[in-house]
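# Fold and geometry: a report
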Amino acid sequence: MSEAIGRCLWAISAGCAASRGTGREPLLASRDQVALLNTGDNLASARLHVLYAAHGEVGPFRIGIAPRRLRNIRINDLIFPEAVRLDEPYGLLIESDVPIVVQFTRQDTRQRENAGMLTNAWG
C-alpha cells in the first residue's frame, strides 16, 4: 500500500468510563476503548486529550502505533499524565502525525439486565 488511509485528527464525544460492572475481568468488564489502526509503513505517534464536561483538559497521553498494526487502548488504563476520571462524561481529541483509523467502543455491564455494547467510527 503506497498511502496510509485514515485521518490525522479525530474527535469522539459521549465517553464515560464506568467504575464498576457485573462482568468478569477483563472480557466482560465495563469499559470504553479506542482501537487505533495504522495502515502505513511508518510508526504513528498519537496524542490523546481527554476533555471533561465539568473539568479542564487532561493530556496528552502519548501512544505509538507500529506500522501496519492495530493497537487497542482501554480508556480506564490511561494513567499518565493523570488517570482518566471514572464515571465522568468526557470527549476525546486524538491527533496523529500520520493518518490513522480510530474506532471507539463502549461496553457497559453495570446492570446485568441492561448490558450493552456500542461501537462507532467515522472516516
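Let me begin by describing the structure that accompanies this report.

## Focus on the overall build of the protein chain
Secondary structure assignment for the protein chain yields zero helices and seven strands. Shown N-terminal to C-terminal, the secondary structure of the protein chain runs as helices and strands in the order β-β-β-β-β-β-β. Expressed as a percentage of contacts within the protein chain between residues at least 6 apart in sequence, the contacts between residues at least 24 apart total 70%. In the form shown here, the protein chain has an accessible surface area of approximately 7300 Å², with 52% of it arising from carbon and sulfur atoms.

## Details of the packing of aromatic side chains
Using the criterion set out here, one finds zero aromatic pairs in the structure. The ring of Tyr52 has Arg85 sitting right over it, with the charged end atom 5.3 Å from the ring centre.

## Some remarks on the nonpolar core
Judged by nonpolar contacts, the single largest core of 25 residues is most densely connected at Val34 and Ile94. Broken down by secondary-structure element, the contributors of at least two residues to this core are β1 (7-15), β2 (31-38), β3 (44-52), β4 (57-65) and β6 (90-108). By residue number, the principal contributor to this core is β6, which donates seven residues. When neighbours within four sequence positions are excluded, Ile94 is seen to be in contact with Cys8, Leu9, Trp10, Ile12, Val34, Arg47, Leu48, Ile100 and Val102.

## Some words on the environment of Glu95
Among the structural elements, Glu95 can be located in strand β6. For Glu95, a relative accessible area of 27% gives the class partly exposed. A C-alpha to C-alpha distance of 8.7 Å links Glu95 and Arg7, two positions 88 residues apart in sequence. When residues no more than four places from it in sequence are discounted, the contact partners of Glu95 are Cys8, Leu9, Ser45, Ala46, Arg47 and His49. In this structure the side chain of Glu95 is engaged in a polar contact, spanning 3.0 Å, whose partner is the side chain of His49.

## Some words on the pattern of salt bridges
Counted according to the given criterion, the structure contains one salt bridge. Linking Glu82 and Arg85 is a salt bridge whose minimum nitrogen-to-oxygen distance equals 3.6 Å. Owing to a relative accessible area of 32%, Glu82 belongs among the partly exposed residues under this scheme. The exposure class of Arg85 is partly exposed, given its relative accessible area of 29%.

Analysis parameters
Residue positions are given per chain, counted from 1 along the sequence in the order it is written. The predicted origin of the model limits local features to residues at a pLDDT of at least 70 and limits the giving and counting of side-chain atom pairs to 80 or more, whereas totals for whole chains, interfaces and linings rest on all residues. The side-chain values count all of the structure's non-hydrogen atoms but skip hydrogen atoms and water molecules. Only DSSP runs of H or I reaching four residues or more are called helices, and only runs of E reaching two or more are called strands; each is numbered from the N terminus. Residue contacts follow a heavy-atom distance rule, with two residues in contact if any of their heavy atoms lie within 4.5 Å. Areas reported as accessible are Shrake-Rupley estimates using a 1.4 Å probe. Residue values count occlusion only from the protein chains shown. Whether two aromatic rings pair depends on their centres lying within 6.5 Å, for rings of Phe, Tyr and Trp, where Trp uses its six-membered ring; planes under 30 degrees apart make the pair stacked, over 60 edge-to-face, and the rest tilted. Charge-over-ring contacts are defined here by two conditions on Lys NZ or Arg CZ: a distance within 6 Å of the ring centre and an angle within 35 degrees of the ring normal. The set of buried Ala, Val, Leu, Ile, Met, Phe, Trp, Tyr and Cys residues whose side-chain atoms join them within 4.5 Å is what this entry labels a nonpolar core. Working definition: with a 1.4 Å probe on protein chains only, accessible area under 20% of the residue-type maximum means buried, over 50% means exposed, and in between means partly exposed. We call two N or O atoms a polar contact when they sit within 3.5 Å, provided that within protein one can donate a hydrogen and the other can accept it, with sequence-adjacent residues counted only if both atoms are side-chain atoms. By salt bridge we mean one thing: a side-chain nitrogen of Lys or Arg within 4 Å of a carboxyl oxygen of Asp or Glu.

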